[in-house]
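Descriptive structure summary
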Amino acid sequence: MSSDRLDVLDTHGRPTRVSTRVGEFEPKLLLDGEHDLCPGCGEPVAIRLLLEVIEELGYAQDSIGVIGIGCYTAFTGLIDVDLIQALHGRAPSVATGAKRMRPDKLLFTLQGDGDMVNEGLQEVIHTAARGESVTCVLLNNGVFGETGGHMTATTALGQRTKTSLEGRDADYHGYPIPIAELLVPLGGVSYVARGSVADAKSVVRTKAMLRKAFEAQIAGEGFSLVEILTMCPTGWFIPTADGPGYLDEVLGEVHAAGELVVGGKPVGKGASG
Amino acid sequence: MAHRGCRAMTLVETRGTIRIDSERCKGCELCIPACPPRVLRMSEGRNTRGARVPELLAGCTGCSACLLVCPDFCIEVYQYAEPVMLEAVNASESGSGDNEVTA
Amino acid sequence: MTRTLMEGSEAIATAAVAAGCRFFAGYPMTPFTEVLENFGKRLPAVGGVCINAESEIEAIGMTWGALATGARAATGSTGQGLALMQESLSEITRAELPLVVFHMARGQGDYYQATRGGGHGDYRHIVYAPIDVREAVELTELAFDRADHWRNPVQIYGDYLLAHTSEGVEFTADPFVPVAKDWAVDGSLGGSGRSRNINPIGMQKGSKSIDPESFWKRLQVKHDQIEASEARFESESTEDAELLVVAFGSVARFVRHVVRELRSEGRKVGYARPISLWPFPAEALAAAARGTQRVAVLEQNAGQMIDDVRLSVLGSVPVVGIGGISSDSAGFGMGPLLDTRVIRGRIESALENLEVST
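Residues numbered from 1 in each chain as written. Chains lettered and ligands numbered in written order. Predicted model: local features only at pLDDT ≥ 70, side-chain atom pairs only at ≥ 80, totals over all residues.

**Topic: the overall build of chain B**
Looking only at helices and strands, chain B features 2 helices and 4 strands. Put simply, chain B runs from its N terminus to its C terminus through helices and strands in the order β-α-β-β-α-β. Burial analysis of chain B (103 residues in total) assigns 52% to the buried set. The contacts of chain B with a sequence gap of at least 6 include a subset with a gap of at least 24, amounting to 74%. (Helix = DSSP H or I, 4+ residues; strand = E, 2+ residues; numbered from the N terminus. Buried ≥ 20, exposed ≤ 12 C-beta atoms within 10 Å, placed from the backbone. Contact = placed C-beta atoms within 7 Å.)

Structure below.
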């Protein structure tokens, strides 16, 4: 790499001027920041937020994560938090058993849309209705990324996948499931929100949602879920740079960002339903 | 392409900088539009992965927006103790047409 | 120690709690339902948790989570419910979690399911088939011990009779001492660089890749060790027997009774019972069969254990089936075969003809 043009600044080393580091390469709770997920993938961005919140809440040494099956599973070797690998869709039940035996620990799941909304839909709904004191984190990109771009239960209408080549058609493929809205009327639910990692502002908002969800768990208020819309340019068959725009226009159209349940009470859009 | 002899010289206030682990970068370009002062652009050259990587121009505010959207953990952000005035790139080359510090 | 009259399902739950079981999750289904009920009664009193799960799949998932934290935990169902759990039953073996499964089957038609498994990949469960409630109590205690020792699932394979027969039972007075589990996750190792990952795919912390072949081979070595050391077997009157009758579980109780009766009448018949269905006590059974003219397998199914009996004697003596499918009108396995007169008739025929029709 050469940057011999005078107007390009040297970014290889630490700055020589007096300065304060305000942001580090990878979160502290990652053993290594080098990973094999695709260029432009939104999942590592969401994982950063999750790990930063655990660290900032002071729960690094009091947390157990239950990990689903998807591209993000590649991070289980890198996340420096005690983990239990669950089978596809089963994470909320596994988290339930762990939390009941370790009620003093922060319990979270990390699942994709294929994991949570396809294979394990009943698990997340039952866990929410039981009011289990766990936080489920959904990385929703509307596609099975790991298998190479197939339709999931959250795939947006019109979204092209390898099993909806002309775009998801309601008459033929049925409608996407907005999982966050589905949980709103359940009694055991304390906090539900949907964020996104499409841009920096959304990232900051989503981090605040994760914090609120964990705080609800710590306060013993019941079940919490944070759904995070993430880019999958590989599975969306688009250039990486187009990922955030596609997320907002296609996925965001069905799965609108915002808080749906706060303090056990429906708020915003979810309340009207 | 501009060169030193024929472009307008502008100085812009620069309040921070970033460090880029260019070998980790996969060239997704998500940091480019994320930068509020628009002082990131993609390089012409490539890293050993074969990816073009971002490069930084004068005017960084140290706001961390690029870091927040980076999936590959290849950006570290610093804020200067004192702002400095750095020579800016010609406006037409910087992409956004606006070097104003907004953050 | 005092003897208490107790129904099988209650005795099993009591023995499990005495063995330190602190978590149970299950979904009601006859004839397993009362096992769940009894855990529900007993666990809260000792600070444990029993969840009436929304499905069998969720029941075993919850148990998985409890086990991963180091707790002694169990689930259970009938063969039908266990069929739903098969993905977890195979993968939890690879995650090396000490699961105990209480299988109250509808008859003996789930022998293949219990010993071969309906799940995917190479995996094995230790399977104990108690003959009566007293032995179910002993094997329940043993199941938790062996599960922890091997970090491998153990199944107690019973049936309607076992779950619903009341017998006098005794429980060990020794209080359970929790076993230190240096592999479990308690959430305390985050940020230390030594955090753990309980997983069925051989994923190691600090690594981005897995090595399934060496991981699975290591499990195979463990299963070979279990096979070589954990077989359990019971036999009677085999020395000069011309006919050896093999049975397991509740059915064996009828067979043993009939063989004793026939022996007292001078008939040259012996009795053999695999207590562990896996590992199958092949050597002990082959030794018991030595010198006999025929081995008759009396099982309440279309003929499943007979495969293992044949693999044990390896053609040295003819093996015939003298049991068969037998059920009540509800399909719970309480069929007309469960009658000493019927079983006596089958064994006498085998003795007289040394040629059997089922």
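Now that the structure is up, let's keep going.
**What to know about the confidence of the model for chain C**
Looking at chain C, the pLDDT average stands at 95 and 98% of residues meet or exceed 70. If you check the scores for this complex, the pTM reads 0.94 and the ipTM reads 0.96. (pLDDT = per-residue confidence, 0-100.)

**Here's the deal with the interface of chain C and chain A**
Taken residue by residue, the interface counts 39 residues in chain C and 36 residues in chain A. Sort the elements by how many residues they give to the side of chain C that touches chain A and helix α3 (residues 56-68) of chain C lands first, with 8 residues. Taken together, the residues of the side of chain C that touches chain A break down into 14 nonpolar, 17 polar and 8 charged. (Nonpolar A, V, L, I, M, F, W, Y, C, P; charged D, E, K, R; others polar.)

**Comments concerning the environment of Arg102 of chain A**
Of note, Arg102 of chain A is situated in the loop between α2 (91-101) and β5 (106-112). Looking at Arg102 of chain A, the number of C-beta atoms within 10 Å reads 24, which means it is buried. On a C-alpha basis, the gap between Arg102 of chain A and Ile64 of chain A in space is 9.3 Å, while along the polypeptide they are 38 residues apart. Excluding anything up to four places from it in sequence, Arg102 of chain A contacts Ile64 of chain A together with Thr69, Asp186 and Gly187 of chain C.

**Quick word on helix α1 (residues 43-56) of chain A**
Helix length check: α1 of chain A (14 residues) gives 20 Å between terminal C-alpha atoms against 20 Å at 1.5 Å per residue, within 8%. The buried fraction of α1 of chain A amounts to 11 of the 14 residues, a majority that puts the element mostly inside the structure. Every buried residue belonging to α1 of chain A is among Glu43, Pro44, Val45, Ala46, Ile47, Arg48, Leu49, Leu50, Leu51, Val53 and Ile54 of chain A, and all of these are buried. If you follow the buried residues of α1 of chain A, they end up packed against β3 (63-67), β5, β6 (135-140), α7 (200-218) and β10 (223-229) of chain A together with α2 (65-69) of chain B. Following α1 of chain A by one or two positions, Gly58 of chain A has its phi on the positive side, about 80°. (Expected span 1.5 Å × (residues − 1).)

**As for the nonpolar core**
Counting residues in each nonpolar core, the largest one holds 225 residues, and the members touching the most others are Cys66 and Val69 of chain B together with Val245 and Val255 of chain C. No fewer than three residues from each of domain 1 (4-169) and domain 2 (234-353) of chain C sit in this core. (Core = buried A, V, L, I, M, F, W, Y, C linked by C-beta atoms within 7 Å. Domains from an automatic or database assignment.)

**Focus on the arrangement of the chains**
For the 2 pairs of chains in contact, the maximum contact count is reached by chains A and C. One thing to see here is that chain B and chain C don't touch, and their nearest C-alpha atoms sit 14 Å from each other.

**Digging into unusual backbone geometry**
All names here are of chain C. The omega torsion across Thr30 and Pro31 is 5°, close enough to zero to call that bond cis. Within the fold, Pro31 resides in the loop between β2 (21-26) and α2 (33-42). In this chain, Trp278 is followed by Pro279 through a cis amide linkage whose omega measures 0°.

**Some thoughts on the domain arrangement of chain C**
All names here are of chain C. On domain assignment, one finds that chain C holds domain 1 (4-169) and domain 2 (234-353). The gap between the C-alpha centroids of domain 1 and domain 2 is 26 Å. Each partner contributes residues to the interface: domain 1 has 26 residues there, and domain 2 has 23 residues. Elements with a minimum of two residues in the side of domain 1 that touches domain 2: α6 (111-115), β6 (126-128), β7 (154-159) and α8 (160-164). Top contributing element to the side of domain 1 that touches domain 2 by residue count: α6, with 4 residues. Classifying every residue of the side of domain 1 that touches domain 2 by side-chain character gives 15 nonpolar, 7 polar and 4 charged.

**What about the interface of chain A and chain B?**
Contact residues are listed per partner, giving 38 residues for chain A and 43 residues for chain B. At the level of secondary structure, the elements contributing two or more residues to the side of chain A that touches chain B comprise β1 (8-9), β2 (19-23), α1 and α7 of chain A. A per-element tally of the side of chain A that touches chain B places β2 of chain A first, with 5 residues. Looking at the side of chain A that touches chain B residue by residue, the classes come out as 19 nonpolar, 11 polar and 8 charged. Examined bridge by bridge, β2 of chain A and strand β4 (residues 75-88) of chain B share 4 bridges and lie antiparallel to one another. (Pairing = 2+ DSSP bridges.)

**Re the sheet that holds β4 of chain B**
Strand order in the open sheet formed by 3 strands is β2(A)-β4(B)-β1(B), and the pairing between neighbours is antiparallel. On the outer flanks of this sheet lie β2 of chain A together with β1 (10-20) of chain B, each paired with one strand and no other. Here the strands of the sheet are splayed against their neighbours by 35° on average, with no regard to which way each runs. (Axes fitted to C-alpha atoms, helices over the stretch in contact; angles between N-to-C directions.)

**Re helix α4 (residues 121-129) of chain A**
If you check which residues of α4 of chain A are buried, you get Glu123, Val124, His126, Thr127 and Ala128 of chain A. Immediately beyond the C-terminal end of α4 of chain A, within one or two residues, lies Gly131 of chain A, with a positive phi of roughly 70°.

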